[in-house]
Amino acid sequence: MKDVSVEVANEERVGERKVGDVVIYGGGIAGALLARQLSATAKVILVDPLDYFEVSMAAPRNLVKPDFSRQSIMPFAKALPRVDHVAARLTELTSEGGIVEDASGRRLLVTGKAAVLATGNRFANELVRGQEGSGADRHAFYQRFHDRLAGAERILLIGGGPIGVEVAGEITEAWPHKHVTLVESQPRILRGTSEAAAARAASILEKRGVTILTGQRIDGLLSNLQDVFAGSGEVTTDAGQVIAYDLAILCIGGRPNTAFMKQNFASRLTPDGHVKVAADLRVKGERTIFALGDITDLAENKMAFHIRGHVKVAATNIRSILAGKSPSLSYKPRTGDPTMVVTRGSRTGVAHLPLFGHTRWSWLVRKVKAEHMLVPNYAKIFSL
Ligand SMILES: Cc1cc2nc3c(=O)[nH]c(=O)nc-3n(C[C@H](O)[C@H](O)[C@H](O)COP(=O)(O)OP(=O)(O)OC[C@H]3O[C@@H](n4cnc5c(N)ncnc54)[C@H](O)[C@@H]3O)c2cc1C
């Protein structure tokens, strides 16, 4: 039975109410793919402060080739024509629905027969993921960052995961003479994939003149780098190595975007802020709230590659709920799966692939990702 006191309290706190069959919070890879599938048969509301879907894999290339972003940024209006997009941010999840707020501070209560949390990761700055604004703002960002990069000779990359490695590859392909230093706190770069693939990636970068420092941390600089355009400086690693730079770029992973759970659903979060999900991808203990993508506590690498599986399970189970039935499909996390394709610019890279294992074939990496950064795959999904 509905808690009437919650309903009255929410009415007082928000101006308006909006109702759909399914409300999806977050229009990234999980949310947008799910919205596209469900909108064929259900009334879908998508809440996202951005007005576009961005192919995240293309971000490293967009930084050096801003025109590439014209293909990788896909407006919701074109990609999801049957979906009702609300340009706002979920600020508080309640038992009745989501309280969302737009850029002007206007609040709305959004409710549906099922809700989906797909708000992904929040990064320290907007380098690889826009945090607000339009697709046009995002193009302008890439152009401005490119100009800053073009004028910098000594570039410091902090973080040797896939993002740092791909950014190093793009920079050294576009500007072979620049001095690039990559610092990683772990004993090796690319921790999420096999040792062989990581060693090959390191060797390709070193041949291009990149200095790779592993097992060293940089502290004390991170808060400055919330400003992507921060100026030049000098930093000392915890091992005493001094690095002077014209531009420092933070390439460390994000944290789950789940602050909206803290008020009423704190017990559904792990200590590091991931959402606890059951095998059917419903939030543990909830009947009609699902969570997908990077915010979940599923024990697997946080990758788009796995999210296709989340979307399939959630779409089937949500259709069951809309039909008055119980969800029956389960998702099995790809724990320990080292599959990864990490590019080094548009022509080469390394891969650990299902069936093949670690492959040294540059042509394969070029075909599966480096040439196009998967943009055509998403354009096809959205019929663009
Ligand atoms: C640079 C880069 C390269 C990558 N390369 C690869 C790759 O090659 N292969 C691979 O498999 N994976 C790759 N990944 C990982 C992949 O992109 C992520 O796993 C995937 O994007 C996660 O999808 P998601 O839908 O959970 O979150 P996201 O795609 O991050 O989407 C989250 C969405 O939620 C919105 N949002 C955030 N907060 C709120 C809120 N409060 N209310 C409403 N909306 C909100 C955001 O605006 C965003 O649109 C890469 C990631 C990055 C950053």
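Residues numbered from 1 in each chain as written. Predicted model: local features only at pLDDT ≥ 70, side-chain atom pairs only at ≥ 80, totals over all residues. Heavy atoms only, no water.

Student: Please explain the overall build of the protein as it appears in this structure.
Tutor: When you go through the protein residue by residue, the secondary structure sums to eleven helices and 22 strands. Its C-alpha atoms give the protein a radius of gyration of 21 Å, within 12% of the compact-globule value 21 Å for 384 residues. Projecting the C-alpha coordinates of the protein onto the three principal axes gives extents of approximately 65 × 45 × 40 Å. Residues classed as buried in the protein amount to 54% of the 384 residues present. Contacts in the protein between residues far apart in sequence, at least 24 positions, make up 66% of those at least 6 positions apart. Counting 49 positive and 39 negative side-chain charges, the protein places the centres of these two groups 7 Å from one another. (Helix = DSSP H or I, 4+ residues; strand = E, 2+ residues; numbered from the N terminus. Rg over C-alpha atoms; globule rule 2.2 N^0.38 Å. Buried < 20%, exposed > 50% of the residue type's maximum accessible area, 1.4 Å probe, protein only. Contact = heavy atoms within 4.5 Å. Lys, Arg positive; Asp, Glu negative; His and termini not counted. Charge placed at Lys NZ, Arg CZ, Asp CG, Glu CD.)

Student: Is there a simple way to think about the domain arrangement of the protein in this case?
Tutor: Note: interface size is frequently given as the accessible area lost on complex formation between the parts. Here the protein is described as being made up of domain 1 (4–49 + 87–123 + 254–322) and domain 2 (135–253 + 336–381). Once you take the C-alpha centre of each, domain 1 and domain 2 turn out to be 31 Å apart. Listed by partner, the interface residues are twelve residues for domain 1 and ten residues for domain 2. At the boundary of domain 1 with domain 2, total buried surface from both sides reaches about 860 Å², with 60% on carbon and sulfur atoms. On the domain 1 side of the contact with domain 2, N301, F305 and R308 bury the most area, a combined 38% of that side's loss. (Domains from an automatic or database assignment. Buried area = accessible area lost by both parts, 1.4 Å probe.)

Student: What am I meant to see in the sheet that holds strand β3 (residues 44–47) here?
Tutor: The strands that make up a sheet are held in pairs by hydrogen bonds between backbone atoms, and each pair lies either parallel or antiparallel. The five strands lie next to each other as β6-β3-β2-β10-β19, forming an open sheet whose pairing is parallel. Each edge of the open sheet is held by one strand with a lone partner, namely β6 (84–86) and β19 (289–291). For this sheet, the mean inter-axis angle between neighbouring strands, taken without regard to orientation, is 20 degrees. Of the pairings in the sheet, the one linking strand β10 (residues 114–117) to β19 comprises three bridges and is parallel in character. The partner of V116 across the bridge, within β19, is F290. (Pairing = 2+ DSSP bridges. Axes fitted to C-alpha atoms, helices over the stretch in contact; angles between N-to-C directions.)

Student: Help me out: how do you make sense of the site of the ligand in this one?
Tutor: Taken together, the neighbourhood of the ligand is formed by 30 residues, with A30, D48, S56, F305 and K369 sitting nearest. At 2.8 Å from an oxygen atom of the ligand is found a side-chain nitrogen or oxygen belonging to R129. Here F305 contributes a backbone N or O atom positioned 2.8 Å from an oxygen atom of the ligand. Coverage of the ligand by the protein chains reaches 92% of its 1,000 Å² of free accessible surface. Where the shell around the ligand is concerned, the elements lending two or more residues are α2 (29–38), β7 (89–93) and α9 (304–322). For the shell around the ligand, the leading source of residues is α9, giving three residues. Looking at the shell around the ligand residue by residue, the classes come out as 16 nonpolar, eight polar and six charged. (Near = heavy atom within 4 Å. Polar contact = N/O pair within 3.5 Å; in protein donor to acceptor, adjacent residues only side chain to side chain. Areas by Shrake-Rupley, 256 points an atom, 1.4 Å probe, with all protein chains shown as cover. Nonpolar A, V, L, I, M, F, W, Y, C, P; charged D, E, K, R; others polar.)

Student: Honestly, unusual backbone geometry in this entry has me stumped. Any pointers?
Tutor: Trans is the common state for peptide bonds, and a negative phi is the common state for residues other than glycine. If you check the backbone angles, L190 has positive phi at about 50 degrees while not being a glycine. By the secondary structure assignment, L190 is in the loop between β13 (179–184) and α8 (195–207). Positive phi, normally seen in glycine, also occurs at L281, with a value near 70 degrees. By the element assignment, L281 lies in the loop between β18 (255–256) and β19. A residue is classified by how much of its surface remains accessible, and L281, at 0% relative accessible area, is buried.

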